[in-house]
Amino acid sequence: MATFEIKEEFLMNGSPFKLLSGAIHYFRVHPDDWEHSLYNLKALGFNTVETYVPWNLHEPHKGLFQFEGILDLEHFLSLAQELGLYVILRPSPYICAEWEFGGLPAWLLKESGRLRACDPSYLAHVAEYYDVLLPKIIPYQLSHGGNILMIQVENEYGSYGEEKAYLRAIKEMLINRGIDMPLFTSDGPWQAALRAGSLIEDDVLVTGNFGSRAKENFAAMQDFFDQHNKKWPLMCMEFWDGWFNRWNEPIIRRDPDDLAESVKEALEIGSVNLYMFHGGTNFGFMNGCSARGAVDLPQVTSYDYDAPLDEQGNPTAKYYALQKMLKEHFPEYEQHEPRSKTSLSMELQLQDKVSLFSVIDQISQSVKTVYPQTMEQLDHPYGYLLYRTKKRRDAETEKLRIIDGNDRAQIFLNETFLATQYQGEIGEDLLIKQAAEENQLDILVENMGRVNYGHKLTAETQRKGIRRGVMADLHFVTNWTHYWLDFSKSSAIDFTRDWHPEQPGFYRYSFVLEEKRDTFIDLTGFGKGVVLVNNVTVGRFWEVGPILSLYVPSGFLNHGENTIIIFETEGCFAKEVHLRKEPVYKTMEAKKV
């Protein structure tokens, strides 16, 4: 049986071992492409893959667990082992990762208790999750003949809290359920973060997260080790080789040669996990959100990250720069030629279109209450929620305002568009003119992604939809019907119903494929919305950029008939849609790091 130990160095079967790891999140890559990405990691000379485990996907509803398809963690671990890769696994309840709510399930917002704290209610939920998850992981530990070397306790906790009792509770849960490989924490490499977020007093390995200045950052970590008389190997658990992107901001790029030189500096001192090696895609509604002060800044669907493999999984200039550097300075790591996939291009003609209001009964589930409910209260935590009420006219012109809501609200009176309000505008007065005695008021609210990191993780703004109500004049309006949009019902849409301009709508395109290949849907001409491919929600698009296309892996496509349905909220559409071989970017000045 192979052994892995943490002494003054990492030891594999008693011999010094340098971890050359790369991050590939299985839940961001179609399962058909896992082997492709893992092979390219191995071909670069790396020996380990790292992945988070997203609680919110594995337990989307309380007590309902999913481990099939893109969530088949065991299959991912097996593929890695078949290719000769070890695994660093990060199954902490919170993952950050620019992922919706940092991987925490949104249903926790309905529960009592403080998140990421030594709170009995929260810890009970974690324990129930681990009771299902950990038995799947245990057989894949190196000590059981598998390939998992290390397992994370918590993620960047030093940038959130300092409650050691909480960290110890998570540690004990892991150990008591059969985890016997070394545990670790990962934090920023400065004193405050390391002190607050680590369990160095409990001999849990401390690792750091940074993307440059390895000598300086490793020296800071070594100082922390010395304070506690620890003689441990140094490891950067997240060596940031690129960065994520937000809507309406330029793409962030990093020079490949600069990255290669920075990685060389780190490898001369310690071990490295490249974050990301293959970034992949925030499929569905799983993009995260940054917070700058009180302002939420949602992130885009693509998690390309400017990584060594692009969003599609093909080698980039960074891959080859790293390949050259490793060959010159670390020739002991065997390399092979990487693989690349091809893409398809095609022009599609619009077949049908229909307004959301015409088919709301077919694409939603409805609930009636006196006052508006949030998405969490309705157990519909992602995507879109349409609020509808009948409002009597008290004056020809009246003041209307939403009291306390998130993230984006589109307001319609008698199905005529009035205004769009974002977080900073929700609550502002809206003057409405009512011609009829009774009027239909519709408010379409989009959850654009919950904050995944920092001070707003548990803010009220994480509860999406309308929280307190809608006021007309000086009173709260009552008797609301909630329609939560269920895109899994898209095949039931009746496209013979009416379409009206300046309303949210659905647009259908069909095509036939003899050979399945990856592609990129060019959304030029559309405003904002989501794309469904063969009834699968691929992700969001938005004309503000910086990316104007959505990546579609071949695994979402069929041999033969295929259907694309675009849900668009601004009333903008294109009669022709292009499937392209490469992503489409909006012209914006790129940021470099």
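Source: prediction; values computed, not measured. (Residues numbered from 1 in each chain as written. Predicted model: local features only at pLDDT ≥ 70, side-chain atom pairs only at ≥ 80, totals over all residues. Heavy atoms only, no water.)

**What about the pattern of salt bridges?**
Per the stated rule, a full pass over the model turns up 40 salt bridges. Among the ionic pairs, K264 bridges to E261, the shortest N-O distance being 3.7 Å. Residue K264 and its partner E261 are located together in helix α8 (residues 256–267), separated by three residues, close to a single helical turn. Among the residues examined, E261 registers a relative accessible area of 46% and is labelled partly exposed. Bridged by salt links that share partners, the residues R168, K171, E172 and D202 form one connected network. (Salt bridge = Lys/Arg side-chain N within 4 Å of Asp/Glu carboxyl O. Helix = DSSP H or I, 4+ residues; strand = E, 2+ residues; numbered from the N terminus. Buried < 20%, exposed > 50% of the residue type's maximum accessible area, 1.4 Å probe, protein only.)

**Points about the packing of helix α4 (residues 120–137) against helix α5 (residues 164–176)**
Two numbers describe how α4 lies on α5: the axes approach to 10 Å, and their chain directions differ by 25°. Taken as axis vectors, α4 and α5 run roughly parallel relative to one another. Every pair of crossing elements has a handedness; the one defined by α4 and α5 is right-handed. Along the contact surface, α4 presents Y122, L123, V126, A127, Y130 and L134, while α5 presents Y166, A169, I170, M173 and L174. Taken together, the residues of the contact of α4 with α5 break down into 11 nonpolar, no polar and no charged. (Axes fitted to C-alpha atoms, helices over the stretch in contact; angles between N-to-C directions. Parallel < 35°, antiparallel > 145°, perpendicular 65-115°, else oblique. Left-handed = near helix turned anticlockwise from the far one by under 90°. Contact = heavy atoms within 4.5 Å. Nonpolar A, V, L, I, M, F, W, Y, C, P; charged D, E, K, R; others polar.)

**Considering the sheet that holds strand β9 (residues 205–210)**
As summarised here, the arrangement of the eight strands in space is β4-β5-β6-β7-β8-β9-β10-β12, forming a closed barrel in which the pairing is parallel. Averaged over neighbouring strand pairs, the angle between their axes works out to 30° when direction is ignored. Sheet topology places strand β4 (residues 20–24) next to strand β5 (residues 48–52); three bridges connect them, and they run parallel. Each bridged residue has a counterpart across the sheet, and for S21 the counterpart in β5 is T48. Together, β7 (148–155) and β8 (183–187) form the strand contacts of α5, whose direction differs from that of β7 by roughly 150°. (Pairing = 2+ DSSP bridges.)

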